[in-house]
Amino acid sequence: MATFAVQYTYTDDDAGRDKHREEHRAYLTKQDGVLLSGPFLDFPAGALIVVRADDEDAATALLDADPFHREGLIAERLVREYQPVLGSQSTGFVED
């Protein structure tokens, strides 16, 4: 399994995010592959989600069902493979 850092940049629809936030969080909580998730506290509004999946397509598919994605509340989604080397979710030290 690979690890992916997914960056969401939200649309300006604050009311839409407020309306679907509980469902969004419940969805992510139920996904085994989601390691952590949380909003950025600066502008532009967005979030970081770290997921473990077989490949980028699987990570993207997992997040396609996110209510924020389904409702068109994400202006941009950047998926990048990520190698955590320290911390509770690390997969071990990798030399550059």
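All values reported here derive from a predicted model rather than from experimental measurement. (Residues numbered from 1 in each chain as written. Predicted model: local features only at pLDDT ≥ 70, side-chain atom pairs only at ≥ 80, totals over all residues. Heavy atoms only, no water.)

Caption draft 1: Seen up close, a negative patch on the surface. Residues Asp-54, Asp-55, Glu-56, Asp-57 and Glu-81 make up a contiguous surface patch of negative charge. By the element assignment, Glu-56 lies in helix H2 (residues 56–64). (Patch = residues over 30% accessible without salt bridge, like charges linked within 9 Å, V, L, I, M, F, W, Y side chains within 5 Å. Areas by Shrake-Rupley, 256 points an atom, 1.4 Å probe, with all protein chains shown as cover. Salt bridge = Lys/Arg side-chain N within 4 Å of Asp/Glu carboxyl O. Lys, Arg positive; Asp, Glu negative; His and termini not counted. Charge placed at Lys NZ, Arg CZ, Asp CG, Glu CD. Helix = DSSP H or I, 4+ residues; strand = E, 2+ residues; numbered from the N terminus.)

Caption draft 2: Spatial organisation of H2. Restricting attention to buried positions, one finds in H2 the residues Ala-59, Leu-62 and Leu-63. Burial along H2 is one-sided: seen end-on, the buried residues are contained in an arc of 90°. Summarising the contacts, the buried residues of H2 are in contact with strand S1 (2–10), helix H1 (14–30), strand S2 (34–39), strand S3 (46–53), helix H3 (67–70) and strand S4 (74–82). (Buried < 20%, exposed > 50% of the residue type's maximum accessible area, 1.4 Å probe, protein only. Arc of directions from axis to C-beta. Contact = heavy atoms within 4.5 Å.)

Caption draft 3: The arrangement of the sheet that holds S1 in detail. The strand order S2-S3-S1-S4 describes an open sheet built from four strands, whose pairing is antiparallel. At either margin of the open sheet sits one strand with a lone partner, and together these are S2 and S4. Within this sheet the neighbouring strands show an average axis-to-axis angle of 15°, counted without direction. Both S1 and S4 contribute to a ladder of eight bridges, which runs antiparallel. (Pairing = 2+ DSSP bridges. Axes fitted to C-alpha atoms, helices over the stretch in contact; angles between N-to-C directions.)

Caption draft 4: Highlighting the packing of aromatic side chains. Applying the stated rule across the entire model yields two aromatic pairs. Each ring, one from Tyr-8 and one from Tyr-10, has its centre 6.3 Å from the other, and the planes form 65°; the classification is edge-to-face. The pair formed by Tyr-8 and Tyr-10 is uniform in burial state, with each residue classed as buried. Centre to centre, the rings of Tyr-10 and Phe-68 are 5.5 Å apart; their planes meet at 85°, and the pair counts as edge-to-face. Within this pair, whereas Tyr-10 is found in strand S1, its partner Phe-68 is found in helix H3, the two being separated by 58 residues in sequence. Residue Tyr-10 is classed as buried on the basis of its relative accessible area, which comes to 12%. Judged by relative accessible area, which is 1%, Phe-68 ranks as buried. Taken together, the ring pairs in this structure connect Tyr-8, Tyr-10 and Phe-68 into an aromatic cluster. (Phe/Tyr/Trp six-rings, centres within 6.5 Å; stacked < 30°, edge-to-face > 60°.)

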